[in-house]
Amino acid sequence: MRLSEATLAEAPALPAIEYARGDLRPGIVHLGLGAFFRAHGLVYTHRALSHAPADEAAKWGVVGVSMRSATMAEMIGPQDGLYTVHERATGADPVVVLVGCLLRCVVHARAPSAVLDLLASADVRIVSLTVTEKGYCYDPASRALDLANVDVIHDLDPANARAPRSAVGLLVLALRARRAAGVPPFTCLSCDNLPHNGRTLRGLCVAFARALEPASDLARWIGELVPFPCTMVDCIVPAVQPADVDAAAAPDGPLRGVRDEAMVMCEPFRQWAVEDAFGPLGRPPWELAGAQLVADVAQHEALKLRVLNACHSTLAYVGTLCGFETIAHAMREPALAKLVAALVELDVLPALEPPAGVDVHEYARSTFSRFRNELLGHRTEQIAMDGSQKLPQRLLATARARLARADAEPCTASAEPALRVLPLAVGAWMAHSTRLDADGQHVPVRDPLASKFAAIATASTREPRTIAARMLALREVFGDDALAADDTRFARPVAQQLAALMEARTPERVLAHV
Ligand code: CS2
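It should be emphasised that the depicted structure is a prediction, and the values quoted were computed from it without experimental measurement.

Rules behind the numbers
- The numbers attached to residues start from 1 for each chain and follow its sequence in the written order.
- Reporting of local features is limited, given that this is a predicted model, to residues whose pLDDT is at least 70; pairs of side-chain atoms are given and counted only at 80 or more, and all residues count toward the totals for whole chains, interfaces and linings.
- Remark: hydrogens and water are excluded; side-chain values derive from all non-hydrogen atoms of the structure.
- The near set for a molecule or strand comprises every residue that places at least one heavy atom within 4 Å of it.
- Two N or O atoms form a polar contact when they lie within 3.5 Å of each other; inside protein one atom must be a possible hydrogen donor and the other a possible acceptor, and for residues adjacent in sequence the pair counts only when both atoms belong to side chains.
- Throughout, the Shrake-Rupley method with a 1.4 Å probe supplies accessible areas, and for residues the shown protein chains are the sole cover considered.
- Strands here mean DSSP runs of E at least two residues long; helices mean DSSP runs of H or I at least four residues long; both are numbered from the N terminus.
- Three classes are used: nonpolar for Ala, Val, Leu, Ile, Met, Phe, Trp, Tyr, Cys and Pro, charged for Asp, Glu, Lys and Arg, and polar for all others, with Gly counted as polar.
- Side-chain rings of Phe, Tyr and Trp, where Trp is taken by its six-membered ring, are said to pair if the distance between their centres is within 6.5 Å; with planes under 30 degrees apart they count as stacked, over 60 as edge-to-face, and otherwise as tilted.
- Using a 1.4 Å probe on the protein chains alone, a residue whose accessible area is under 20% of its type maximum counts as buried, one over 50% counts as exposed, and one in between counts as partly exposed.
- Note on geometry: a ring has a charge over it if NZ (lysine) or CZ (arginine) is within 6 Å of the ring centre and within 35 degrees of the ring normal.
- UniProt positions are given in the numbering used here, feature names are shortened, and annotations may be inferred rather than shown by experiment.
- In this description, a line fitted to the C-alpha atoms serves as the axis of each element, helices being fitted only across the stretch in contact, and the angle between N-to-C directions of two axes falls anywhere from 0 to 180 degrees.
- By the convention used here, residues are in contact when the closest approach between their heavy atoms is within 4.5 Å.
- Taken from the helix axis, the directions to the C-beta atoms give the arc we talk about.
- The scheme is simple: roughly parallel for angles under 35 degrees, roughly antiparallel for over 145, roughly perpendicular for 65 to 115, oblique for anything else.
- Here is the rule for handedness: rotate from the far helix to the near one, and if that takes an anticlockwise turn smaller than a right angle the crossing is left-handed, while a clockwise turn gives right-handed.

Student: What is the right way to look at the site of the ligand in this model?
Tutor: Around the ligand, the neighbouring residues are Asn-193, Asp-234, Cys-235, Lys-304, Leu-308, Asn-309, His-312, His-378, Ile-383, Lys-390 and Arg-394. Side-chain polar atom of Lys-304 to an oxygen atom of the ligand: 2.5 Å apart, as the coordinates give it. At a separation of 2.7 Å, an oxygen atom of the ligand approaches a polar side-chain atom of Lys-390. When the free accessible area of the ligand is taken as 340 Å², the share hidden by the protein chains comes to 89%. Elements represented by at least two residues in the shell around the ligand include exactly helix 12 (298–321) and helix 17 (387–408). Here the shell around the ligand is built from residues that sort into three nonpolar, four polar and four charged.

Student: Quick question: what am I supposed to make of the packing of aromatic side chains here?
Tutor: Inspection of the entire model under this criterion finds eight aromatic pairs. Between Tyr-136 and Tyr-138 the ring centres are 6.2 Å apart and the planes differ by 35°, which places this aromatic pair in the tilted class. Its relative accessible area of 0% is what places Tyr-136 among the buried residues. Of the aromatic side chains, those joined through ring pairs into one cluster are Tyr-44, Trp-272, Phe-278 and Trp-286. Looking at Arg-38, its charged tip hangs above the ring of Tyr-83, at a distance of 5.8 Å from the centre.

Student: Just checking my understanding: could you explain the UniProt feature "domain: Mannitol dehydrogenase N-terminal" (unreviewed entry) in the protein for this structure?
Tutor: According to UniProt, the positions carrying the feature "domain: Mannitol dehydrogenase N-terminal" (unreviewed entry) are residues 27–287. Between the end C-alpha atoms of residues 27–287 there is a gap of 17 Å, over a span that is 34% helix and 18% strand.

Student: How should the packing of helix 14 (residues 334–348) against helix 17 be read in this particular structure?
Tutor: Each pair of packed helices can be described by the angle between their axes along with the distance between the axes. At a closest axis distance of 10 Å, the pairing of helix 14 and helix 17 adopts a crossing angle of 35°. Note on element contacts: helix 17 touches helix 14 through Leu-395, Thr-398 and Arg-402, opposite Leu-343, Leu-346, Asp-347 and Val-348. For the contact of helix 14 with helix 17, the per-class residue count stands at four nonpolar, one polar and two charged.

Student: Please explain the environment of Glu-301 as it appears in this structure.
Tutor: Considering the arrangement of structural elements, one finds Glu-301 in helix 12. In sequence terms Glu-301 and Met-232 are 69 residues apart; their C-alpha atoms lie 5.1 Å from each other. Residues contacting Glu-301, with those up to four places away along its chain left out, are Leu-194, Pro-195, His-196, Asn-197 and Met-232. From its side chain, Glu-301 meets the backbone nitrogen of His-196 in a polar contact 2.6 Å long.

Student: Where do I start with helix 19 (residues 450–457) in this structure?
Tutor: Considered for burial, the residues of helix 19 that qualify are Ala-450, Phe-453, Ile-456 and Ala-457. Buried residues of helix 19, viewed axially, fall in a sector of 120°; they line one side. Where the residues of helix 19 are buried, they touch helix 17, helix 18 (422–433) and helix 20 (464–472).

Student: Where do I start with the packing of helix 12 against helix 18 in this structure?
Tutor: One way to put it is that helix 12 packs onto helix 18 with a least axis distance of 9 Å and a crossing angle of 55°. Our classification of the angle between helix 12 and helix 18 gives oblique. Note on packing geometry: the crossing formed by helix 12 with helix 18 is left-handed. On the side of helix 12, the interface is formed by Thr-314, Tyr-317, Val-318, Thr-320 and Leu-321, while helix 18 contributes Ala-425, Ala-428, Trp-429, Ala-431 and His-432. Residues that form the contact of helix 12 with helix 18 fall into these classes: seven nonpolar, three polar and no charged.

Given below as structure tokens:
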């Protein structure tokens, strides 16, 4: 039996939905309806509506938008927008959440003008995004709009004003239409793992508007009057495998014979720190679901990106080179558990200002405990994806902060190197990105810079210092400030780690090096 409105009554295992789905209006449009938002933002919204007065709840139905792929729409359409979230943790009973606030999922690439018209509707109060780092069409090092990006070029062409491809182009063209129609602007809510994600998104939209209409005041209007709150999002959400869907639908599975093709699996933990700056159109009462509405998310965000995400990426690259397929498997290896603990204690925390009242050592312990959740099967290769877009905020920001602090405190300079573990993490990313298989072919990586990695990997020389120098020369990742040129404290230690990892050749010897 497939999950749908019609079968709900016959699905006793599923929890009841506490609000009237039929009354929901599309108050939120979400761009990038992937597993993460289904497990995170939609669960917060679902739980908030479950506790809100009926008239308030009715304002906050959600329409999901897949920018290109039809997969999500094909999964969620026959289910009338219904899907389940399966929270799993080692040693805990599984918890199933039936989410009812998703109204439908549309495929933007199939009907961009219909999505533009939807965003122009006065019902729409918030447009949220999880389009992943590469979906912002920016330079990862500077976070400036990439005007050479093919989708940006396409969307700036007036002939394509009704068919934007990029999220930034869609937002600006929709805001322009609302302004022309006298409809107040929606709030743009980034829920991606970017530093200062709201400010970054505002800067991208202003830059796009300035390029679109250099002579008008559209860019000023967007910069001054459109709300772009920052958020910090946290929940570990592995990709769902077909076997997970089968197991959940089994007669003795958590859905007792009901099949949910759009299910997501995640850990029980989730955190959402949201800058409470939404303008007159308001927001759902997410605090009723445990979200933290704060004045400034910067320290929450820095802690999460530089502790949790930095350790995730380190385990992804070092763990893959050591032959571990999942984060939990990697964390079972004492040397790797010690490695990430040392990264946090020696490199990250000395250069981090944590949120007031947060015990950063407990935060790290809790993070590592979450990583050990064997029931998630969170694959190292999934996290290794798009490293060029992730490294700047996860590892390089810590390198810059640590070296700046060392420069500011020369009198306390110790004999120990300023960066103790971080060069190995960056070297492992370089080794993972430029691997060759037994036939001397570049091992493909999923990254916007994959072709550049392949060119570096297959160039005439495999001399580690040359590979390191060419990777460090990637301005999109390392920018053009002093970091990549800091030979003594950064470039040379990274190259030395890369050389050791390349020399190791086998997972066992990589582990021995770590
Ligand atoms: C992961 C994140 O895939 C990745 O890059 O590090 O998706 C991570 O699982 C989340 O940020 C956890 O909140």
